[in-house]
Structures are given as structure tokens and as C-alpha cells.
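Structural overview
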Amino acid sequence: MIGQVQKFGKSDSFYDTYERKGEGEQSTHYCPGCGHGTIQKLIAQAIDDLKIQDRTIFLSPVGCSVFAYYYYDTGNIQCSHGRAPAVATGVKRTVKDAIVISYQGDGDLAGIGMTEIVHAANRGEPITVFFINNAIYGMTGGQMAPTTPLGRKTLTTPFGRDRDRDGMPMGMAELMQAIAAPVFIERCSVATPKELLKTRKAVHKALQNQIDNKGFSFVEILSPCPTNWGMSPVDARTWMDQQMTLLYPLGNFRDSVTKQDDRPGDQEEPLWLDDEALVDLLKGASDVPVMRMEPLSETQRVKIAGFGGQGVLSAGELVATCGMSEGLAVSWLPSYGPEMRGGSANVSVTLSMEDVGSPLVDHPNVLLVMNGPSLDHFEDQVVENALVFVNSSIVTRKVRRTDVRTIYIPATDLAQEAGLVSAANVVMVTAYLLLSKAIPLDTLKRCIPLVLRKKAFLEKNLSLVERTMVYLQENGMV
Ligand SMILES: Cc1ncc(C[n+]2csc(CCOP(=O)(O)OP(=O)(O)O)c2C)c(N)n1
Ligand code: SF4
């Protein structure tokens with residue numbers, strides 16, 4: 001049931017004044033007759049009705065509604081073009097009680113953001129998406145959008161949209177309909193008062209679904225852009241009502257109580273992998289304990305850096321795998337240039353007792369540098385009291401920072417002595433885990449075969465762990 005709403009006046013979910021336009025200003029930046037203002041008013045009314053203002057996080061897109069955050073007195077995030085469903089996914093998974101609204105235009109959602117919307121829908125993220133289809137790129141001056149009708153003249157189709165050159169207009173509600181997970185799909189319009197009332201109901205329903213944690217709700221709203229259509233606001237609405245709805249028929253496409261069932265066949269094949277190595281890998285993983293006895297003294301924000309070919313990314317994977325096998329929350333974020341070998345590479349790893357919000361490690365408290373340029377690049381980024389491990393076989397200079405603990409270890413030499421030229425990464429990781437006590441060495445040994453999969457090198461890698469331990473002991477480092 002939609003509650004009593006004020007017929008006139010401002011919704012509580014809007015700010016009293018829109019500061020961007022100067023104090024006391026009451027009007028939005030939309031052109032006269034634009035649909036965005038009308039739709040945003042409907043959303044604000046629904047937020048009021050449902051009493052979710054304090055829980056709502058409104059994701060503004062790139063497009064004419066880019067400034068929605070000046071209007072909504074809710075949580076606000078401005079997303080990159082097309083990426084709102086990905087941002088919504090992150091926000092919703094992190095703040096489960098939030099009501100996350102992804103508000104997107106047709107260029108944003110059906111153009112550059114097609115991947116994000118399709119996969120968010122396919123995952124059935126329990127968010128609400130309002131898709132404003134005005135059949136044009138409004139903000140940038142009227143280029144063809146994926147939803148532009150055939151024959152329609154735009155800045156980029158001056159002789160009209162051509163089927164063979166430009167493709168067919170994209171029916172997003174129909175596309176959503178082909179995906180099993182969404183619980184609610186409706187196409188509505190703001191062309192007439194009657195349609196406006198239906199839109200109001202759909203907006204309300206799509207938000208109620210999120211309150212009830214039902215799943216992914218998608219409301220496509222046909223909306224006029226008189227400015228770029230070159231029509232008066234009245235003509236624009238008439239055209240929508242009489243022509244646009246032929247191309248984009250209105251109505252409800254789906255209204256399920258829950259996510260749709262898995263499709264037949266989904267669960268019939270329990271295991272497709274017959275790759276022997278992978279099966280071994282899974283067996284190995286089940287041997288690794290999943291409960292951690294000792295809490296971490298502090299979250300490990302690790303940066304490992306070197307040049308491509310030094311096993312930088314595998315070193316990160318090894319640390320992350322050890323963390324996972326200890327039941328810690330982990331993240332692993334590689335960063336590398338297009339050159340697989342020779343270029344620089346680094347990886348960020350987080351090990352934590354709590355959920356990891358972001359995989360970025362801007363200010364590491366652990367730094368493993370495998371070559372000189374990496375030390376130059378990351379030395380200033382580490383926090384005070386960080387542990388800095390330097391591969392002294394290759395890095396010729398000393399660490400300049402005096403507020404960190406530095407451990408010089410000839411990792412490449414030790415690896416070479418063990419007959420494994422490329423295993424300096426194992427030495428570095430062993431040294432780090434031993435000194436920090438973040439992960440027991442037994443866990444490291446169990447995880448090595450899971451990450452460094454070449455069986456032929458397994459024994460050498462394991463003996464290198466022992467050799468590193470002895471080196472650190474002989475040099476009074478542990
Ligand atoms: C990554 C990226 N590509 C392109 C742009 C340029 N751009 C800004 S708005 C826009 C189109 C917006 O159209 P739509 O999503 O339909 O929203 P409308 O303005 O019509 O409401 C484009 C292409 C951008 N800002 N960022
Ligand atoms: S250009 Fe079109 S979509 Fe943008 S504010 Fe003006 S009428 Fe609305």
C-alpha cells in the first residue's frame with residue numbers, strides 16, 4: 001500500500017535548498033519538461049512513504065542526473081559512467097541494511113555499463129535499479145543511445161539511426177527478462193498522469209522488494225528529453241505516448257516472490273573438472289586446517305613488488321592462500337604492466353581478522369621489495385614501524401627510512417644455491433611470515449604445493465623454506 005503523500009510541496013528526502021545553485025534555490029538543473037525531475041520526485045516520495053531515508057544510498061550516474069546528490073538528503077555516491085551496479089553490489093554486500101538505489105540513464109546503463117547491469121542482474125544482487133530511458137545521450141548533447149529508435153536523427157546519426165550500421169534499439173526490460181535471477185521487472189512511463197501513477201507504484205514496489213530482501217528489481221522508465229529531441233515538452237510527451245511505447249511496450253515483465261528456480265540441469269553435473277592437477281589441488285586444500293588458533297596482532301597490509309618474472313604475484317598468492325587456510329579474511333590484488341617479464345609488477349595482499357573492505361593497499365605495514373625500482377617507488381608509502389624486506393642480492397642501496405624495521409636478505413642468492421633460480425619469492429615470503437609471525441611455517445609448507453604447482457620443484461621449495469629459516473637464525477634475525 002502506498003501511504004498518504006503530500007500532493008504539493010517537497011518530499012522530506014529532498015534537501016530544503018539545492019546548494020549547487022546558490023542558497024535558497026529551489027529548482028533543479030533539469031531542462032523544462034525533462035523526465036528526470038518527475039521521476040526523482042516519485043522516488044523521493046517512495047523513500048518518504050517507506051520511511052527508508054536514513055537507510056537509503058542513492059547512486060548517481062554520469063549523465064544529466066549526475067547532480068542528484070545535491071537533491072537527495074540520503075547517502076549519496078557518484079559513480080563512474082555505467083559502473084553503478086558494480087558500486088551498488090559492493091555497497092549492498094558491505095552494508096546489508098542499506099537500501100541501495102542505482103539510478104541510470106540509457107547511455108550509462110545500456111551503453112557503457114551493459115556488462116555491469118547484466119552481471120548484477122544475473123547475480124540477483126538485492127538492489128533496486130531505475131533505468132531512465134530517454135532514448136538519447138542527454139548530458140553530452142544528443143548522441144545516439146543504444147535505445148534510440150531506428151531512423152531517429154541524433155548528433156551521431158545525422159541521417160537517422162540505421163539498422164545495419166547502428167544496430168537495433170535495445171530493449172533492456174526484455175533483456176532482463178531473459179535472465180533468471182531478477183524478481184521484479186517493469187517498464188513504465190511518465191508520459192501521462194495515468195502512466196505516472198503506474199510508475200509511482202512500480203517505484204514503490206521495487207523499493208519494497210529491497211526492504212523485504214527479495215532480490216534484484218529493475219524498473220525501466222520511459223522519460224522525455226525535449227531538449228535533445230527538439231520538441232516542446234507537450235509534444236515530447238505525446239510522442240512518447242503514441243510512438244515510443246510501440247517500440248518499448250509498457251507493462252510488468254516479472255513479479256516473483258523469490259528468485260527464479262535454478263534451470264533444469266544446473267545441479268546435475270557435480271564436477272566438470274577432470275584436470276588431475278586441479279583435483280589434487282582440491283584434495284590438498286581439504287587437508288589444510290581452516291581454524292586459526294592465534295589471532296593476528298594487526299591487519300597485514302602487504303605490498304610485494306619487483307619485476308615481472310620474479311614471482312611477485314605468486315608470492316602474493318602464497319601469502320593470501322596461507323591467510324585463507326588459516327581462516328583469515330584476505331584480499332589479493334595484482335598490478336602489472338603489459339610486459340609479462342621484465343616490466344614492473346606488484347601485488348597487494350591483506351590478511352585480516354575482519355572482512356576486508358577494499359583490496360587496495362596504499363600504505364603497507366609490510367613491504368617486500370625484490371628489486372631496486374620497487375624500493376624507490378614504495379619506500380615512502382609504508383607506514384611508521386612497517387616491516388621492510390629487501391632482496392639484498394639485487395637491491396644495492398640501503399633503505400633510507402629510519403622509522404621502519406628493515407630486513408636485508410639475499411633472496412636470489414639463497415634461491416640459486418638451492419638450485420631454484422626463480423624462487424627468491426619463496427625466500428622473501430618465508431622471511432616475512434617468520435618475522436611477523438602472521439602465519440605458522442607449517443601452514444606455509446602446506447600451501448606451497450597449492451600455489452607453486454610444479455611438482456618437480458616441490459622438494460626444493462620446501463627445503464628453501466628451511467634454508468631461509470636457518471639463514472635468519474644464523475644472522476640473529478629470529
Ligand atoms: C567513461 C565515460 N565515457 C563517456 C563519458 C561522457 N558522457 C557523459 S554523460 C554521457 C551520456 C549520458 O547519457 P545517459 O546515460 O543516457 O543519461 P542522460 O544524460 O540522457 O540522462 C556520456 C557518454 C563519461 N563521462 N565517462
Ligand atoms: S538534456 Fe534532456 S535529459 Fe538532460 S536535463 Fe535536458 S531534457 Fe533532461
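The rules behind these values
Residues numbered from 1 in each chain as written. Chains lettered and ligands numbered in written order. Predicted model: local features only at pLDDT ≥ 70, side-chain atom pairs only at ≥ 80, totals over all residues. Heavy atoms only, no water. Helix = DSSP H or I, 4+ residues; strand = E, 2+ residues; numbered from the N terminus. Buried < 20%, exposed > 50% of the residue type's maximum accessible area, 1.4 Å probe, protein only. Contact = heavy atoms within 4.5 Å. Areas by Shrake-Rupley, 256 points an atom, 1.4 Å probe, with all protein chains shown as cover. Near = heavy atom within 4 Å. Nonpolar A, V, L, I, M, F, W, Y, C, P; charged D, E, K, R; others polar. Phe/Tyr/Trp six-rings, centres within 6.5 Å; stacked < 30°, edge-to-face > 60°. Lys NZ or Arg CZ within 6 Å of the ring centre and 35° of its normal. Polar contact = N/O pair within 3.5 Å; in protein donor to acceptor, adjacent residues only side chain to side chain. Axes fitted to C-alpha atoms, helices over the stretch in contact; angles between N-to-C directions. Parallel < 35°, antiparallel > 145°, perpendicular 65-115°, else oblique. Left-handed = near helix turned anticlockwise from the far one by under 90°. Expected span 1.5 Å × (residues − 1). Pairing = 2+ DSSP bridges. Salt bridge = Lys/Arg side-chain N within 4 Å of Asp/Glu carboxyl O.

Another aspect to go through is the overall build of the protein chain. A tally of regular secondary structure across the protein chain gives 16 helices and 13 strands. Residue burial in the protein chain is summarised as follows: out of 478 residues, 49% are buried. For the protein chain, restricting intrachain contacts to residue pairs at least 6 apart in sequence, the fraction spanning at least 24 positions comes to 65%. In the structure as shown, the protein chain presents an accessible area of about 23,100 Å², 54% of it carried by carbon and sulfur atoms.

Another aspect to go through is the site of ligand 2. The local shell around ligand 2 consists of Tyr30, Cys31, Cys34, His36, Cys64, Asn134, Gly138, Cys225, Pro226, Thr227 and Asn228. Looking at the shell around ligand 2 residue by residue, the classes come out as six nonpolar, five polar and no charged.

Going through the model one piece at a time under the given rule, you end up with 11 aromatic pairs. Through a chain of ring-to-ring contacts, the aromatic side chains of Phe14, Phe58, Tyr72 and Tyr103 assemble into a single cluster. The lysine or arginine in question, Arg152, covers the ring of Trp239, its NZ or CZ lying 4.5 Å from the ring centre.

It is worth spelling out the site of ligand 1 at this point. Inspection of the region around ligand 1 gives 16 residues, with His36, Cys64, Asp106, Gly107 and Asp108 positioned closest. A distance of 2.8 Å is found between an oxygen atom of ligand 1 and a backbone nitrogen or oxygen belonging to Cys64. Between ligand 1 and the protein, one listed contact pairs an oxygen atom with a backbone N or O atom of Gly107 at 2.8 Å. Within the complex, the protein chains bury 74% of what would otherwise be the 590 Å² of accessible surface of ligand 1. A total of four residues in the shell around ligand 1 trace back to one element, the largest contributor, which is helix α3 (residues 106–112). Within the shell around ligand 1, the residues separate by chemical class into six nonpolar, eight polar and two charged.

So, on to the packing of helix α15 (residues 441–451) against helix α16 (residues 458–474). Between α15 and α16, whose axes approach to 9 Å, the crossing angle comes to 155°. As judged from the angle between their axes, α15 and α16 are roughly antiparallel. As α15 packs across α16, the resulting crossing turns out to be right-handed. On α16, the residues touching Leu441, Leu444, Lys445, Ile448 and Pro449 of α15 are Leu458, Asn461, Leu462, Val465, Glu466 and Met469. Looking at side-chain class alone, the contact of α15 with α16 contains eight nonpolar, one polar and two charged residues.

Below, the discussion takes up helix α1 (residues 35–50). Under the 1.5 Å per step criterion, the end-to-end length of α1 is 23 Å for 16 residues, consistent within 8% with the ideal 22 Å. Within α1, 12 of the 16 residues are buried, which leaves it mostly tucked inside the rest of the structure. At its buried positions, α1 is contacted by β1 (56–60), β3 (99–105), β4 (128–133), α7 (193–211) and β6 (217–222).

Sheet architecture is open: six strands sit in the order β9-β10-β8-β11-β12-β13, paired in mixed fashion. The strands lining the two open edges of the sheet, one partner per strand, are β9 (329–336) and β13 (405–409). Looking at each pair of strands side by side, their axes are set apart by 15° on average, direction ignored. Here eight bridges tie strand β8 (residues 300–307) to strand β10 (residues 344–352), and the two strands are oriented antiparallel to one another.

With that settled, consider the environment of Leu387. For Leu387, the position within the fold is in strand β12 (residues 387–391). Each C-alpha atom, one on Leu387 and one on Leu435, is 8.8 Å from the other, the two residues being 48 residues apart in sequence. Once residues within four sequence positions are removed from consideration, Leu387 is found in contact with Asn365, Val366, Leu367, Arg405, Ile407 and Ser436.

This brings us to the sheet that holds strand β5 (residues 184–189). Two pairing modes exist for strands in a sheet, parallel and antiparallel, and in both the strands are linked by backbone hydrogen bonds. With respect to topology, seven strands assemble into an open sheet ordered β2-β1-β3-β4-β6-β5-β7, the strand pairing being mixed. Two strands in the sheet have a free side with no partner beyond their single neighbour: β2 (75–78) and β7 (251–255). Recorded for the sheet is a direction-independent mean angle of 15° between the axes of neighbouring strands. Note that β3 and β4 share five bridges and pair parallel. In the sheet register, Gly105 faces β4, and the bridge partner there is Ile132. Running at roughly 170° to β3, α1 makes contact with β1, β3, β4 and β6 of the sheet.

Moving on, we get to the pattern of salt bridges. What the rule picks out here adds up to 15 salt bridges. One salt bridge in this structure joins Glu125 and Arg93, with 2.7 Å as the shortest N-O distance. Highlighted residues: Glu125 in the loop between α4 (114–123) and β4 and Arg93 in helix α2 (residues 84–94), separated in sequence by 32 residues. We classify Glu125 as buried; its relative accessible area is 3%.

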